[in-house]
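# Fold and contact review
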Amino acid sequence: MDAYRRRALRLVTPFAALACSVALLAGCSGSGSSGSSGERQDPTTQAAAPAVDSDLQDDYQRVIREVLPSVVQIQASGDLGSGVVYDDKGHIVTNAHVVGNDKTFQVTTANNENTLSAKLVYSYPEQDLAVIKLDKVPGGLKAATFADSSKVQVGQIVLAMGSPLGLSSSVTQGIVSATGRTVTEGRSDGGTGATIGNMVQTSAAINPGNSGGALVNLDAQVIGIPTLAATDPNFGNSAAPGIGFAIPASMVKTVAGQIVANGKVTDSGRAALGITGRTVVDDSFQAAGVAVVEVKSRGAADKAGLEPGDIITKLGDTDITTITSLSEALASDAPGDKTSVTYTRDGDEKTVEVTLGEQ
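Residues numbered from 1 in each chain as written. Predicted model: local features only at pLDDT ≥ 70, side-chain atom pairs only at ≥ 80, totals over all residues. Heavy atoms only, no water.

## Here we look at the overall build of the protein chain
Defined as follows: For the purposes of this entry, the term helix denotes a DSSP run of H or I that reaches at least four residues, the term strand denotes a run of E that reaches at least two, and both are numbered from the N terminus. Only protein chains enter the accessibility calculation, which uses a 1.4 Å probe. A residue is then buried if its area is under 20% of the maximum for its type, exposed if over 50%, and partly exposed in between. Any pair of residues with heavy atoms lying within 4.5 Å of one another is described as a contacting pair. Note on areas: Shrake-Rupley, 1.4 Å probe, and residue coverage restricted to the protein chains presented here.
Across its full length, the protein chain holds 5 helices and 22 strands. Going through the 359 residues of the protein chain one by one, you find that 44% of them count as buried. Taking contacts inside the protein chain between residues at least 6 apart in sequence as the whole, the part at least 24 apart equals 60%. When the accessible area of the protein chain is evaluated, it comes to approximately 17,600 Å², of which 47% is carbon and sulfur surface.

Below, the structure is given as structure tokens:
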């Protein structure tokens, strides 16, 4: 089996995250005996088995039957991941970190073990999304239905579908734990370095190979693309069970729709200052701001009067200490929003109003 790349990530929580990373634990098997003495237990003393909620079980099975045929396994040269059928023309949406730098792929659908060839249409690492297209569309290929992300609510039951550890057509279940999370991937070990806003947090297990698959509600709609699983730095970056993140369906539709229509992303919807920057430290070697290295001509920063050498320390009311914190602050804004930028120039602190541009 191909090796799975591990990716360092950072969450905007006390946890650090690792893209598509999880510990594989050994399971326990029963011996078949009913007690240490080997004596048969009186059936009248055994606890009654809990009744199964047949309606909920039926819902699970219905959703799996409806959605699983739209979830595929994607084999790249050095990685294995999942994808979701976007339309009946053979377009499949997945994570950019699944496709990596590859241009061609092998795809396996849920109901067929024969592999299909596919080519990259476009990868957009800034949002960790990509679209590939099957060279030949098989009969019966079923496109998934994507939900309205604004209607996702904490506590909703969800199913995660994909190919964890190469086990194709696998399903796990959980709930929506939170919405509106901002997560930043590291660039080490194949991460895209993307800062992604408005992510859906879920307790459904997200294991290596789940990336690019489907997070689905009980209406058989995809509410997100599973992308990240958290690890706890206090325990040697071991897996933090029940903390995973998915890119919301509305963003998936926005990005994938542009790629399908135009072959690239033409309107990212991501706010930008229009600078190249780097983190600077103070006399105590603590991160203390973002130094402006280059200003894009006629970009937001240029129009506001920022110059190379300025050190940005605040965006709006948010303190800026690193280039990552700046990206995270911008992730909650949209192009055209007005905000303030506080910076120092030659030791003097200044504040200007900026109309944000687009990344």
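## What about the pairing of strand β5 (residues 91-94)?
Just so we agree on the cut-off: Paired strands, as defined in this entry, are two strands with at least two bridges between them according to DSSP.
On β5, burial covers both faces: His91 and Val93 on one face and Ile92 and Thr94 on the other are all buried. By the bridge criterion, 2 bridges tie strand β4 (residues 80-85) to β5 in an arrangement that is antiparallel. Bridge pairing in β5 links Val85 to Ile92. Here β4 folds back onto β5 in antiparallel fashion, the turn holding 5 residues, of which Gly90 has a positive phi close to 100 degrees. Across 4 bridges, β5 lies against strand β8 (residues 129-134) in antiparallel orientation. Considered in β8, the bridge of Ile92 is made with Ile132.

## Observations regarding the nonpolar core
Put simply, the rule reads: We call a set of buried Ala, Val, Leu, Ile, Met, Phe, Trp, Tyr and Cys residues a nonpolar core when their side-chain atoms join them within 4.5 Å.
The biggest cluster of nonpolar side chains holds 37 residues, and the ones touching the most others in it are Val63, Val84, Val93, Phe146 and Met161. Secondary structure elements with two or more residues in this core: α1 (54-67), β8, β9 (157-162), β11 (195-202), β12 (214-216), β13 (222-232), β14 (238-248) and α3 (249-262). Not counting residues up to four positions away in its chain, the partners in contact with Val93 are Gly83, Val84, Tyr86, Leu129, Ala130, Val131, Phe146, Gly212, Ile225, Val252 and Ala256. Core analysis: the next-biggest nonpolar cluster, separate from the first, contains 20 residues, Ala271, Ala300, Leu330 and Val354 among them.

## Some thoughts on the pattern of salt bridges
Should the charged atoms of two oppositely charged side chains come close, the side chains can pair. Where we set the bar: Salt-bridge detection follows one rule: a side-chain nitrogen of Lys or Arg within 4 Å of a carboxyl oxygen of Asp or Glu.
Enumeration over the complete set of coordinates arrives at 6 salt bridges. A salt bridge links Arg62 to Glu66; the nearest nitrogen and oxygen atoms lie 3.6 Å apart. A residue pair is termed a helical-turn pair when its members lie 3 or 4 positions apart in one helix, as Arg62 and Glu66 do in helix α1 at 4 residues. You can call Arg62 partly exposed: its relative accessible area is 26%. With relative accessibility at 34%, the residue Glu66 sits in the partly exposed group.

## Points about the side chain of Ser268
Checked against the element boundaries, Ser268 lands in the loop between α3 and β15 (271-272). Here Ser268 is in contact with Tyr124, Glu358 and Gln359, once residues within four sequence places are set aside.

## Concerning the sheet that holds strand β3 (residues 71-75)
Let me state the cut-off plainly: The axes are straight lines fitted to the C-alpha atoms, using for helices just the contacting stretch, and the angles between their N-to-C directions are given from 0 to 180°.
Reading around the barrel, the 6 strands line up as β3-β4-β5-β8-β7-β6 and close back on themselves, with antiparallel pairing between neighbours. Recorded for the sheet is a direction-independent mean angle of 40 degrees between the axes of neighbouring strands.

## Considering α3
Convention followed: The length a helix should cover is 1.5 Å for every residue beyond the first.
In a regular helix each residue adds 1.5 Å, so 14 residues correspond to 20 Å; α3 covers 19 Å between its end C-alpha atoms and thus fits that length. The set of residues buried in α3 consists of Ala249, Val252, Val255, Ala256, Gln258 and Ile259.

## Remarks on the packing of aromatic side chains
To be explicit about the condition: Put simply, two rings from Phe, Tyr or Trp (the six-membered ring, in Trp's case) pair if the centres are within 6.5 Å, and we call them stacked under 30 degrees between planes, edge-to-face over 60, tilted for the rest.
This structure, assessed with the given rule, holds 1 aromatic pair. Their ring planes at 50 degrees and their centres at 5.8 Å tell us that Tyr86 and Phe146 sit as a pair that is tilted. On the criterion of sequence distance, the pair formed by Tyr86 in the loop between β4 and β5 and Phe146 in the loop between β8 and β9 is long-range, its members being 60 residues apart. The class of Phe146 is buried, set by a relative accessible area of 12%.

## Observations regarding the confidence of the model for the protein chain
Keep this limit in mind: pLDDT measures the predictor's confidence residue by residue and takes values from 0 up to 100.
Across the protein chain, the average pLDDT comes to 82, with 81% of residues at 70 or higher. Confidence, read as mean pLDDT per element, is least for strand β2 (residues 16-19) in the protein chain (34) and greatest for β5 (98). A low-confidence stretch, residues 1-49 stays under pLDDT 50, and its non-local contacts, those more than four residues away or across chains, total 96 contacts.

## Some words on the pairing of strand β17 (residues 287-295)
Where strand β16 (residues 275-281) lies against β17, 7 bridges are found, and the strand directions are antiparallel. By the bridge assignment for β17, Gly277 is matched with Val292. In this antiparallel pair of consecutive strands, β16 and β17, the connection spans 5 residues, and Phe285 shows a positive phi of 60 degrees.

## Some points on the side chain of Asp128
The line we're drawing: For this analysis, a polar contact is any N or O atom pair within 3.5 Å, provided that within protein one partner can donate a hydrogen and the other can accept it, and provided that sequence-adjacent residues contribute only side-chain to side-chain pairs.
Summarising the element assignment, Asp128 is placed in the loop between β7 (115-124) and β8. Judged by its relative accessible area of 0%, Asp128 falls in the buried class. Side-chain polar atoms of Asp128 contact the backbone nitrogen of Ala96, separated by 2.9 Å.

## A few points about unusual backbone geometry
Of note, the phi angle at Ala220 is positive, near 65 degrees, even though the residue is not glycine. Mapping Ala220 onto the fold places it in the loop between β12 and β13. Overall, the relative accessible area of 9% leaves Ala220 in the buried class. Residues other than glycine seldom take positive phi values, yet Arg298 does so here, at roughly 65 degrees. With respect to the helices, strands and loops of the structure, Arg298 is situated in the loop between β17 and α4 (300-304). Arg298 sits in the exposed class, given a relative accessible area of 64%.

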